[in-house]
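Each chain, written out:
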Amino acid sequence: MSADITESPKAASAGPSKLVTILAGGAFALSLANTVLLVLNPTASKVEQFNESLKSDLADSIASVHKKIDGLKSAEVEWQNVLKKSSEKPDAVYKIVKSPDGFLTLTEITPAAGEASEPPVK
């Protein structure tokens, strides 16, 4: 009887080890099959292409925003120069003129002979 008792734990411990090995092998086979299906899936390339188009659209949008910011910075510098010019001659009359390059500039208007006696309207 003592021989039967010593052999039964060995048989019981071999069973779960086989079961774990079979389950691990099955999980590996399923994950491998899933990976192959994902790689061969025709929609995977469409999704990748969609992601690339989104990335390029985002890059274009960011470049456009940076260009607009640079334009605003240059306009600010230009208007600071215009304000400095107008502060040098505060009594002069100025007119806003759009230059050929699209920028607005301040040009001083010399009053005509008849208008010289009247003060400019502020």
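Residues numbered from 1 in each chain as written. Predicted model: local features only at pLDDT ≥ 70, side-chain atom pairs only at ≥ 80, totals over all residues. Heavy atoms only, no water.

Draft legend 1. Just the overall build of the protein chain, in detail. In terms of regular secondary structure, the protein chain is built from two helices and two strands. Along the protein chain, helices (α) and strands (β) appear in the sequence α-α-β-β when read from the amino end. Taking all 122 residues of the protein chain together, 4% fall into the buried category. Sequence-distant contacts in the protein chain: of pairs separated by 6 or more residues, those separated by 24 or more amount to 27%. Carbon and sulfur atoms make up 67% of the accessible area of the protein chain, which totals about 10600 Å². (Helix = DSSP H or I, 4+ residues; strand = E, 2+ residues; numbered from the N terminus. Buried < 20%, exposed > 50% of the residue type's maximum accessible area, 1.4 Å probe, protein only. Contact = heavy atoms within 4.5 Å. Areas by Shrake-Rupley, 256 points an atom, 1.4 Å probe, with all protein chains shown as cover.)

Draft legend 2. Representation of the pairing of strand S2 (residues 104–109). Looking at chain direction, strand S1 (residues 93–98) and S2 are connected through six bridges and run antiparallel. For Tyr 94, the partnering residue across the bridge sits in S2 and is Glu 108. The antiparallel pairing of S1 with S2 creates a hairpin that spans five residues between the two strands, and Gly 102 there sits at a positive phi of about 100°. (Pairing = 2+ DSSP bridges.)

Draft legend 3. Region of interest: the confidence of the model for the protein chain. Considering every residue of the protein chain, the mean pLDDT works out to 77; 77% of them sit at 70 or more. Within the protein chain, helix H1 (residues 2–40) has the poorest average pLDDT of any element, 72, and helix H2 (residues 42–88) the best, 86. (pLDDT = per-residue confidence, 0-100.)

Draft legend 4. Local environment of H2. Here H2 contains 47 residues, and its C-alpha end-to-end distance of 70 Å stays within 8% of the 69 Å for a straight helix at 1.5 Å per residue. Within H2, burial applies to Glu 78, Val 82 and Ser 86. Contacts made by the buried residues of H2 are with S1 and S2. (Expected span 1.5 Å × (residues − 1).)

Draft legend 5. Quick look at a nonpolar patch on the surface. Residues Phe 28, Leu 32, Val 36, Val 39 and Leu 40 make up a contiguous nonpolar surface patch of about 540 Å² in total accessible area. Secondary-structure assignment places Val 36 in helix H1. (Patch = residues over 30% accessible without salt bridge, like charges linked within 9 Å, V, L, I, M, F, W, Y side chains within 5 Å. Salt bridge = Lys/Arg side-chain N within 4 Å of Asp/Glu carboxyl O.)

Draft legend 6. Local environment of the side chain of Glu 78. Along the chain, Glu 78 falls in helix H2. Excluding its chain neighbours within four sequence positions, the residues that come into contact with Glu 78 are Phe 103, Leu 104 and Thr 105.

Draft legend 7. Summary view of the environment of Thr 107. If you trace the backbone, Thr 107 turns up in strand S2. It is 6.4 Å that separates the C-alpha atoms of Thr 107 and Ile 96, two residues lying eleven residues apart in sequence. Ignoring any residue separated from it by four or fewer positions in sequence, one finds Thr 107 in contact with Val 93, Tyr 94, Lys 95 and Val 97.

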